[in-house]
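Chains, contacts and geometry: an overview
One letter stands for each residue in the lines below.
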Amino acid sequence: MICSGNGFAGGRIRLGEIEVLQITKFERIWRCTQLAGKAQPFTFYRPLEIPDGFFSLGHYCQSNGQPLRGYVLVAREMTRESESPALKKPLDYTLVWSSDSHDECAYFWLPNPPTGYKAMGVVVTSTPKEPEVEQVRCVRTDLTEPCETSNLLVTMKSKSSKDPLQIWNIQPCDRGMLCKGVSVGTFVCGAYFDSEEVVENIGCLKNLDSTLHAMPNLNQIHALIEHYGPTVYFHPDETYMPSSVQWFFKNGALLYSANGKKGSAIDYQGSNLPSGGTNDGAFWIDLPSDNDAKNYLKKGDIESSELYVHVKPALGGSFTDIAMWVFCPFNGPATLKVALMNIEMSKIGEHVSDWEHFTLRINNFTGELWSVFFSQHSGGEWLDASDLEFIKDNKPIVYSSKHGHASYPHPGTYLQGSSKLGIGVRNDAARSEFVVDSSTRYQIVAAEYLGNGAVKEPCWLQYMREWGPSIVYDGRSEIEKLIDMLPMFVRFSVENLIDLFPTELYGEEGPTGPKEKENWLGDEYC
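Note that the coordinates shown come from a computational prediction; the quantities given were computed from them, not determined experimentally.

**Here we look at the overall build of the protein chain**
- Regarding its fold elements, the protein chain presents 5 helices and 38 strands.
- Since a compact globule built from 526 residues should have a radius of gyration of about 24 Å, the 26 Å found for the protein chain is in line with a globular shape.
- Overall, the protein chain is about 80 × 65 × 45 Å in size when its C-alpha atoms are taken along their principal axes.
- Looking at the protein chain as a whole, 55% of its 526 residues are labelled buried.
- In the protein chain, 68% of the contacts between residues at least 6 apart in sequence involve partners at least 24 apart.
- Per element, the accessible surface of the protein chain, about 23,000 Å² overall, is 49% carbon and sulfur.

Structure (structure tokens):
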């Protein structure tokens, strides 16, 4: 059980002038079955059991194909730092869209806010009567952040309208460790939206409490990791295992500079690595030239490996992201799939040092594991906790792919390319005896929000240059030869077939460490 305290997992979060809490109990308004394509039916809900003094900001919707596990925020005013109240009723509503179902109808209304205020979500009714203005509140504009569309939830059809209605999740436009936007849990609807399009008439909340009081303290971080830390399975045929950074340094990794010829040994703590600066090409790390020492280092040492943990605020401090970094001394060669052929490459895909990660997103209202991000090469995917595979009660499973060490939620073969055509790079994930339990084998390396001195960052974390030399392959010509082996109808039916393969197969710069990655400060991007 995760202990609440100091604002974490206390049920309510103060954002400055307003306080919010999550409502997870709902009353059904309308179930939509008039859908485009083969989409799951969707149901729209209004929040229930709103405490006295709090007000709804909008309604909620979710697919019927998954457990009802969402939330919407409700808000109340705490202190007034302006002549204008933080919350106000809308002036009235604009009808956005209505259904024409024979069984039951639905009407979608956008609150029209007073001047200087912003609506936070849409209201749905089952009758054509305009909703009461008492139903929701709008928020003073300076307490809000711009938002954008996130995931397209459903497209609905209506005989009375030539345009279908799209329903989108919304999220703050600016997301990351230093950003203040808080998701309300509502949705936006309209006829024409694109992914990550700025929404003009609906906003998100802004956290103006600089103390971030709802974030966990150091003891709570340890409790969260011990409670939710995933078990990481490496592939049974994995050759290139993880290790600790210290093991890598102790066993022969060398630091090279653009001005020198010979590599120099690295102190096991990384204290002699150049600190700070930018990745300017002046330094890089490489394996020793001796073949035996090189091959020994490539194989890693799973017994020494541990997860390196970065803890940071997410979505304005309403969630906590626990990013868990895995280090492998070597990234092995790729296996290409071309139709029915699987071709193991000898060099393509190889590089020295491989930093991969996955991220646990914790709900700061409740202390629950909300979702997990699985980093996969240049992208990744968020999965809701209800879609994860678990071991030992609360601990999810992460599968590390063979040679490339990308993270996946379930065993199987994942194709980086075109699954439809069966062309791309294979990522094979499976259970094995090669396991790292992150709930016991971890080191917290950074948690900036706790202040100076709370977490001592290791020396090697400040090394901002490449952890391996830049490599150039003649991968494109090799792949073109493989394409020439395909049946003619495949080659001529798919335009730019070569583009189905990731460009990193042609060569890449040496990988950088965690602090040089965009997600160190930013959000995880799929």
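Here the narrative resumes, following the displayed structure.
**Brief notes about the nonpolar core**
- Counting 32 residues, the largest nonpolar core has Ile225, Val309, Ile322, Met324, Leu360, Ile362 and Leu369 as the members making the most contacts within it.
- Residue assignment for this core shows that the elements contributing at least two residues are α1 (218-228), β19 (231-234), β23 (307-314), β24 (319-331), β27 (351-363), β28 (369-376) and β36 (442-446).
- Once residues within four sequence positions are removed from consideration, Leu369 is found in contact with Arg69, Tyr228, Leu360, Arg361, Ile362, Ala385, Leu388, Phe390 and Pro396.

**Some details on the pattern of salt bridges**
- This structure, assessed with the given rule, holds 19 salt bridges.
- Among the ionic pairs, Lys25 bridges to Glu49, the shortest N-O distance being 3.5 Å. You can see Lys25 sitting in the loop between β2 (18-23) and β3 (26-32) and its partner Glu49 sitting in the loop between β4 (42-47) and β5 (55-56), a full 24 residues away along the chain.
- Take Glu49: its relative accessible area is 60%, and that puts it in the exposed class.
- Asp437 is paired through a salt bridge with Lys392; the nearest N and O atoms lie 3.8 Å apart. Separated by 45 residues along the polypeptide, Asp437 in strand β35 (residues 435-437) and Lys392 in the loop between β30 (390-391) and β31 (395-400) bring together distant segments of the chain.
- Taking relative accessible area as the criterion, Lys392 reaches 53% and is therefore assigned exposed.
- Counted as one network, the salt bridges with shared partners bring together Glu148, Arg175, Asp321, Arg361 and Asp523.

**Re the domain arrangement of the protein chain**
- Per the domain assignment, the segments of the protein chain are domain 1 (17-206) and domain 2 (218-470 + 510-516).
- Computed from C-alpha coordinates alone, the two centres of domain 1 and domain 2 are separated by 38 Å.
- With 17 residues of domain 1 in contact, the opposing surface of domain 2 contributes 16 residues.
- With both sides pooled, the region where domain 1 packs onto domain 2 buries about 1,200 Å², and carbon together with sulfur makes up 60% of that total.
- The interface formed by domain 1 and domain 2 includes 1 salt bridge.
- Residues Asp384 and Arg69 are paired through a salt bridge, measuring 2.9 Å at the closest nitrogen-oxygen approach.
- Run the count over domain 1 and domain 2 and you get 5 residue pairs in polar contact (both at pLDDT 80 or more).
- For the side of domain 1 that touches domain 2, the elements supplying multiple residues, two or more each, are β2 and β16 (181-182).

**A short note on unusual backbone geometry**
- At Asp393, a position not held by glycine, the phi torsion is positive, near 65°.
- The topology assignment puts Asp393 in the loop between β30 and β31.
- Assessed through its relative accessible area of 71%, Asp393 is described here as exposed.
- Positioned with a positive phi, His403 is a non-glycine residue whose angle comes to about 70°.
- Along the polypeptide, His403 turns up in the loop between β31 and β32 (407-408).

**Thoughts on the sheet that holds β2**
- One open sheet accounts for 4 strands, arranged β1-β2-β7-β5; its pairing is antiparallel. On the outer flanks of this sheet lie β1 (12-14) and β5, each paired with one strand and no other.
- With 6 bridges connecting them, β2 and strand β7 (residues 72-77) associate as antiparallel partners. The residue bridging Glu19 from the neighbouring strand is Arg76, located in β7.

Conventions adopted
- Sequence positions are assigned chain by chain, starting from 1 and proceeding in written order.
- The model is predicted, so local features are restricted to residues of pLDDT at least 70 and side-chain atom pairs to those at 80 or more, both for listing and for counting; the totals for chains, interfaces and linings are taken over all residues.
- Side-chain descriptors were evaluated using all non-hydrogen atoms of the structure, hydrogens and water having been removed beforehand.
- Starting at the N terminus, helices and strands are each numbered in turn, a helix being any DSSP run of H or I of at least four residues and a strand any DSSP run of E of at least two.
- In this setup the radius of gyration rests on C-alpha atoms only. A globule is expected at 2.2 Å times the number of residues raised to 0.38.
- Throughout, exposure labels follow a simple rule: accessible area from a 1.4 Å probe, protein chains only, divided by the maximum for the residue type, with under 20% read as buried, over 50% as exposed, and the rest as partly exposed.
- Contacts between residues were defined by any pair of non-hydrogen atoms, one from each residue, lying within 4.5 Å.
- With residues, only the protein chains shown are counted as cover, and all accessible areas are computed by Shrake-Rupley using a 1.4 Å probe.
- Among buried residues, those of type Ala, Val, Leu, Ile, Met, Phe, Trp, Tyr and Cys that are joined through side-chain atoms within 4.5 Å constitute a nonpolar core.
- Take a side-chain nitrogen of Lys or Arg and a carboxyl oxygen of Asp or Glu: if they are within 4 Å of each other, that pair is a salt bridge.
- Note that the domain bounds were set by an automatic or database domain assignment.
- Note on terms: buried area is the combined drop in 1.4 Å-probe accessible area of two parts once they are placed together, counting the loss on both.
- Nitrogen and oxygen atoms within 3.5 Å of one another constitute a polar contact, given that in protein one can donate a hydrogen and the other can accept it, and given that sequence-neighbouring residues count only through two side-chain atoms.
- The pairing criterion for strands is at least two bridges between them, as found by DSSP.

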